[in-house]
Amino acid sequence: MEEHSHRRPSWDEYFMSIAQVAATRSNCRRRQVAAVLVRDHRIISTGYNGTPRGIKNCDEGGCPRCNSDTPSGHDLGTCLCCHAEENAIVQAAYHGIMVKGSTLYTTFSPCLLCAKMIINAGIEEVVYHARYSIDDVSLALLREAGVRVRPLRREGEVL
């Protein structure tokens, strides 16, 4: 009998891998981010960052900020793009899917606006792959609201 040497990914690794693939759909010129909402080990919604439905894509000139030389973290209020977490929550609402009690897997830790949406949507846990450079307040707010927040570290990986 042949010995099976394949290591099956954990649920966390599985859902984060799906988020990383979803990030490749992003049309943002600056950063590709994605989020996957999961409940009972089932994907209930996904989202990636980019311009709103019906608006010219970022990589086609749709967002002036993303197509400028504005430094990272500056003039965020002028960006037309929706964030991955926002899109995952909104897509669930668009299709009538409840997100309360779910876990959100995201390739970057959430910004403050997304943290507020996560809290008000009733999402119970956020698992992120990499830290967003301006997430100190958002992570503190999530924790204060009782949302579990944790980085995903894969075997041998250092964040």
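The structure we're discussing is the one just above.
An account of the accompanying structure is given in this report. (Residues numbered from 1 in each chain as written. Predicted model: local features only at pLDDT ≥ 70, side-chain atom pairs only at ≥ 80, totals over all residues. Heavy atoms only, no water.)

### Focus: the pairing of strand β2 (residues 42–48)
Thinking step 1. Relative to β2, strand β1 (residues 34–39) runs antiparallel, the two sharing six bridges. In the sheet register, Arg39 faces β2, and the bridge partner there is Arg42.
Thinking step 2. Taking the residues between adjacent antiparallel strands as the criterion, β1 and β2 are bridged by two residues, where Asp40 takes a positive phi near 55 degrees. (Pairing = 2+ DSSP bridges. Helix = DSSP H or I, 4+ residues; strand = E, 2+ residues; numbered from the N terminus.)

### Concerning the layout of surface pockets
Thinking step 1. The computed volume of the largest pocket comes to approximately 530 Å³.
Thinking step 2. Elements supplying a minimum of two residues to the lining of the largest pocket: α2 (84–94) and α3 (112–121).
Thinking step 3. Here the lining of the largest pocket takes three residues from α2, the largest share from any one element.
Thinking step 4. Classifying every residue of the lining of the largest pocket gives 13 nonpolar, six polar and five charged.
Thinking step 5. Here the second largest pocket defines a volume of roughly 350 Å³.
Thinking step 6. Taken together, 16 residues form the lining of the second largest pocket, with Tyr48, Thr51, Arg53, Asn87 and Gln91 sitting closest to its centre.
Thinking step 7. Elements that contribute at least two residues to the lining of the second largest pocket include exactly β2 and α2.
Thinking step 8. Per-class residue counts for the lining of the second largest pocket are five nonpolar, nine polar and two charged. (1 Å grid on protein atoms, 1.4 Å probe; cavity = no way out; pocket = protein on both sides within 12 Å on 5 of 7 lines; lining within 4 Å. Points joined across faces, edges and corners; volume = space filled by probe spheres on them. Nonpolar A, V, L, I, M, F, W, Y, C, P; charged D, E, K, R; others polar.)

### Quick look at the packing of α3 against helix α4 (residues 136–144)
Thinking step 1. Between α3 and α4, whose axes approach to 8 Å, the crossing angle comes to 15 degrees. Between α3 and α4, the angle falls in the class roughly parallel. Judged by the twist between their axes, the crossing of α3 over α4 is right-handed. Of the residues in α4, those touching α3 at Leu112, Ala115, Lys116, Ile118 and Ile119 are Val137, Ser138, Leu141 and Leu142.
Thinking step 2. Residues of the contact of α3 with α4, tallied by class, amount to seven nonpolar, one polar and one charged. (Axes fitted to C-alpha atoms, helices over the stretch in contact; angles between N-to-C directions. Parallel < 35°, antiparallel > 145°, perpendicular 65-115°, else oblique. Left-handed = near helix turned anticlockwise from the far one by under 90°. Contact = heavy atoms within 4.5 Å.)

### A word on the pairing of strand β4 (residues 125–130)
Thinking step 1. Within β4, five of the six residues are buried, which leaves the element mostly enclosed by the surrounding structure.
Thinking step 2. Note: strand β3 (residues 103–108) against β4, five bridges, orientation parallel. Across the sheet, Phe108 pairs through a bridge with Ala130, a residue of β4.
Thinking step 3. Taken together, β3, α3 and β4 form a β-α-β motif whose crossover is right-handed.
Thinking step 4. Pairing geometry for β4 and strand β5 (residues 148–151), over four bridges, is parallel. If you follow Tyr128 over to β5, its bridge partner there is Pro151.
Thinking step 5. Following the backbone out of β4, through α4 and into the adjacent parallel β5, one traces a crossover that is right-handed. (Buried < 20%, exposed > 50% of the residue type's maximum accessible area, 1.4 Å probe, protein only. Right-handed = clockwise from strand over helix to strand, strands pointing away.)

### Topic: the nonpolar core
Thinking step 1. Formed by 20 residues in total, the largest nonpolar core has its most connected members in Leu37, Val99, Leu104, Ile118, Ile123 and Leu142.
Thinking step 2. Among the secondary structure elements, those contributing two or more residues to this core are β1, α2, α3, β4 and α4.
Thinking step 3. With four residues, α2 is the single largest residue contributor to this core.
Thinking step 4. With residues near it in sequence (within four places) discarded, Ile118 still touches Glu85, Ile89, Leu104, Pro110, Ile123, Val126, Leu142 and Val147. (Core = buried A, V, L, I, M, F, W, Y, C linked by side-chain atoms within 4.5 Å.)

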